Amino acid sequence: MTKKFHRVEYPKHVPEAFRGLYAASTALHNGALGKEFLELIFLRVSQINGCAFCLDMHASALRKAGVEPRKIDTVAGWRDSRFFDARESAALAWAEQLTTLPTGAPAEATYEALKEHFDEHGIAELTMAVATINAWNRLGVGMQPILP
C-alpha cells in the first residue's frame, strides 16, 4: 500500500469535515464562475501559500482544460502578463489580498474593482472559493499529502 501523506492522513481522522470541504469545492466548481476561472484563482493562491500538492493539481487541470501554457506559466506575474483580462485581474487581486490579509480587510479599491466584473453573487462565490482553497492549502502544507 502506497503512503498517501507524509504526516497525518486527515481524511481518515476527520471524515465529516473532509467531506464538507470537498462538497464546498464541488459546489464552487459547478458554480457560475466556471472551472477554468476557478483553477486560475486556485493556482495563484496555492502559489502564495506554497502548497506543492495544490500547485500540481491546479496547473494540471488548467493544462488538461487546454489553457495556453504561457498563461499558466505567468500566473504568479499576472499583473505584468498580457494573458489576463480585466475580470481575471480583478479576481486575482482580490484573491491575493484575501490570502495574505497584510493589513486586515482588503483595500476598498480592490473590492470596488471587483464590482465592475461581478455581481454580489459572483463576489460571494469568488470569496468563498478563495477561503476554500486557503483551507485546502493549509491542509496540504501542514499534512503534506504525497504527490500522485
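Read on for an overview of the structure. (Residues numbered from 1 in each chain as written. Predicted model: local features only at pLDDT ≥ 70, side-chain atom pairs only at ≥ 80, totals over all residues. Heavy atoms only, no water.)

Next up on the list: the environment of Asp73. By the secondary structure assignment, Asp73 is in helix α5 (residues 69-73). The sequence separation of Asp73 and Gly34 amounts to 39 residues, and the corresponding C-alpha distance is 20 Å. (Helix = DSSP H or I, 4+ residues; strand = E, 2+ residues; numbered from the N terminus.)

Right, let's talk about helix α8 (residues 120-143) for a bit. For α8, built from 24 residues, the straight-helix expectation of 34 Å at 1.5 Å per residue is met to within 8% by its first-to-last C-alpha distance of 34 Å. Along α8, the positions that sit buried rather than exposed are Gly122, Ile123, Glu125, Leu126, Ala129, Val130, Thr132, Ile133, Asn134, Trp136, Asn137 and Gly140. The inward-facing, buried residues of α8 abut α1 (10-13), α2 (15-29), α3 (35-49), α4 (52-64), α6 (86-100) and α7 (108-115). Capping of α8 at its N-terminal end is provided by Asp119; its side-chain oxygen lies 3.2 Å from the backbone amide nitrogen of His121. At the exit of α8 stands Gln144, carrying a positive phi of roughly 50°. (Expected span 1.5 Å × (residues − 1). Buried < 20%, exposed > 50% of the residue type's maximum accessible area, 1.4 Å probe, protein only. Contact = heavy atoms within 4.5 Å. Polar contact = N/O pair within 3.5 Å; in protein donor to acceptor, adjacent residues only side chain to side chain.)

So, on to the layout of surface pockets. In this structure, the largest pocket occupies an estimated 480 Å³ of space. The wall of the largest pocket is formed by 21 residues, among which Tyr22, Ser25, Phe53, Met57 and Trp136 lie closest to the centre. At the level of secondary structure, the elements contributing two or more residues to the lining of the largest pocket comprise α2, α3, α4 and α8. With five residues, α2 is the single largest residue contributor to the lining of the largest pocket. (1 Å grid on protein atoms, 1.4 Å probe; cavity = no way out; pocket = protein on both sides within 12 Å on 5 of 7 lines; lining within 4 Å. Points joined across faces, edges and corners; volume = space filled by probe spheres on them.)

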